[in-house]
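Architecture at a glance
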Amino acid sequence: MDNEPKTSEARQYWDNAAINFDAEPDHGLKNDAVRMAWRNRLMAWLPSTKASVLDLGCGTGSLSVLIAQLEHDVTGIDFSPVMIAHAQAKAAAHQLQIQFKIMDAAVPQFDQQFDVIVCRHLLWALASPKQVLKHWATLLTSIGRLILIEGYWHTGGGLHAQEIMAALPTCMHNHKLYELSSQSALWGGEVLDERYAIVSMHEKYIRQNK
Ligand SMILES: C[S@@+](CC[C@H](N)C(=O)[O-])C[C@H]1O[C@@H](n2cnc3c(N)ncnc32)[C@H](O)[C@@H]1O
């Protein structure tokens, strides 16, 4: 209950931010070169065969759309109804079937599991990343993987890659760290802060592929 005023303030903040969110090159992916850079990255991290993908804190749905265009089944969740409305409009404009739901990404409630969980720029803002990652791992199927795209920004906000590595639950293995700060094509220009992705496999996947 103590978190409720904080949550509703945060939701209000993101509802207000939704209208201009896509103005940033890496948010809206309106520039072909930026969009292709993300598409190539995602293709490398995602399974090569059709997978069910959960995009946590999907915002205006730019990554959800890109992943659906790679022919995966995508579900996107966000706690901001305005973000979700933008995401639905974007998917409809691209004639893509994506399930969008208004939901708290800290404790997503599903009666299905997913082959992939993608989360860009949200984990750092959640209250207990370690607890959250433990819960997310329970949502993964036997070919499950986490794709976490995060950063430690010049504003002083964020998480260092090593903090996330240390917070990953013991059921996750083979973590790979991808440094993204030097990849200016992803951001639409040079960036000087710490940006990275971590891809980690569920132990069920490791056992299966031994
Ligand atoms: C920086 S934006 C990133 C959006 C998207 N992942 C992207 O990279 O384009 C953070 C998003 O997380 C959402 N968010 C923040 N806290 C959340 C929570 N507890 N549950 C669900 N969504 C949340 C916000 O509404 C916002 O859309």
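The structure reproduced in this document is the subject of the present report. No experiment lies behind these values; they were computed from the predicted model shown.

Okay, the overall build of the protein chain next. Secondary structure summary: the protein chain contains nine helices and seven strands in total. For 210 residues, the compact-globule estimate of 2.2 N^0.38 gives 17 Å, and the protein chain sits close to it at 16 Å. Its C-alpha atoms put the protein chain at 45 × 45 × 35 Å along the principal axes. When each of the 210 residues of the protein chain is scored for burial, the buried share is 37%. Looking at the protein chain alone, contacts between residues at least 24 apart form 69% of all its contacts between residues at least 6 apart.

Near the ligand there are 20 residues, and of these Trp14, Gly57, Gly59, Ala105 and Arg120 occur at the shortest range. Elements with a minimum of two residues in the shell around the ligand: helix H1 (4–21) and helix H4 (62–69). Per-class residue counts for the shell around the ligand are 11 nonpolar, six polar and three charged.

This part takes up the sheet that holds strand S5 (residues 140–152). Spatial ordering of the open sheet is given by S3-S2-S1-S4-S5-S7-S6, a layout of seven strands whose pairing is mixed. The open sheet has two edge strands with one neighbour each: strand S3 (99–102) and strand S6 (172–179). Averaged over all pairs of adjacent strands, the angle between strand axes in this sheet comes to 15°, irrespective of strand direction. With four bridges joining them, strand S2 (residues 73–78) and S3 adopt parallel strand pairing. The residue of S3 that forms the bridge with Gly76 is Phe100.

Examined against the element boundaries, Met103 turns out to sit in the loop between S3 and strand S4 (114–120). Linking Met103 and Leu139, residues 36 residues apart in sequence, is a C-alpha distance of 15 Å. Apart from the residues within four sequence positions on either side, Met103 is in contact with Ile77, Phe79, Pro108 and Gln109.

Despite not being glycine, Leu29 shows a phi value in the positive range, around 50°. Among the structural elements, Leu29 can be located in the loop between helix H2 (25–28) and helix H3 (32–45). Backbone geometry at Gln95 places phi at a positive 55°, although glycine is not the residue there. The topology assignment puts Gln95 in the loop between helix H5 (81–93) and S3. With 6 C-beta atoms packed within 10 Å, Gln95 lands in the exposed category.

Before going further, it helps to examine the environment of Cys171. Relative to the assigned elements, Cys171 resides in the loop between helix H7 (161–167) and S6. Taking the C-alpha atoms as reference points, Cys171 and Lys204, separated by 33 residues in sequence, lie 8.2 Å from one another. The residues touching Cys171, leaving out its near neighbours within four places in the chain, are Ala137, His202 and Glu203.

It is worth spelling out the pairing of strand S1 (residues 52–56) at this point. Across the five residues that make up S1, a large majority, four, are buried. Chirality of the crossover, the property in question, places the unit of S1, H4 and S2 among those that are right-handed. Relative to S4, S1 is paired through four bridges, and the arrangement is parallel. What sits directly across from Asp55, in S4, is Val118.

Within helix H6 (residues 129–138), burial applies to Pro129, Val132, Leu133, Trp136 and Ala137. Buried residues of H6, viewed axially, fall in a sector of 140°; they line one side. Where H6 is buried, its residues contact S4, S5, H7, S6 and strand S7 (194–202).

Let us now look at H5. A turn of α-helix holds 3.6 residues, and therefore any two residues three or four places apart point the same way. The end-to-end C-alpha distance of H5, which contains 13 residues, comes to 18 Å, matching closely the 18 Å that a straight helix rising 1.5 Å per residue would cover. Buried residues of H5: Met83, Ile84, His86, Ala87, Lys90 and Ala91, and no others. One side of H5 carries all its buried residues, which in axial view fall inside an arc of 160°. Seen from the buried face of H5, the exposed residues on the opposite side, beyond 90 degrees, are Ala89, Ala92 and Ala93. Looking one or two residues past H5, Gln95 carries a phi angle of roughly 55°, positive in sign.

Reading the values: the criteria
Residues numbered from 1 in each chain as written. Predicted model: local features only at pLDDT ≥ 70, side-chain atom pairs only at ≥ 80, totals over all residues. Helix = DSSP H or I, 4+ residues; strand = E, 2+ residues; numbered from the N terminus. Rg over C-alpha atoms; globule rule 2.2 N^0.38 Å. Buried ≥ 20, exposed ≤ 12 C-beta atoms within 10 Å, placed from the backbone. Contact = placed C-beta atoms within 7 Å. Near = placed C-beta within 6 Å. Nonpolar A, V, L, I, M, F, W, Y, C, P; charged D, E, K, R; others polar. Pairing = 2+ DSSP bridges. Axes fitted to C-alpha atoms, helices over the stretch in contact; angles between N-to-C directions. Right-handed = clockwise from strand over helix to strand, strands pointing away. Arc of directions from axis to C-beta. Expected span 1.5 Å × (residues − 1).

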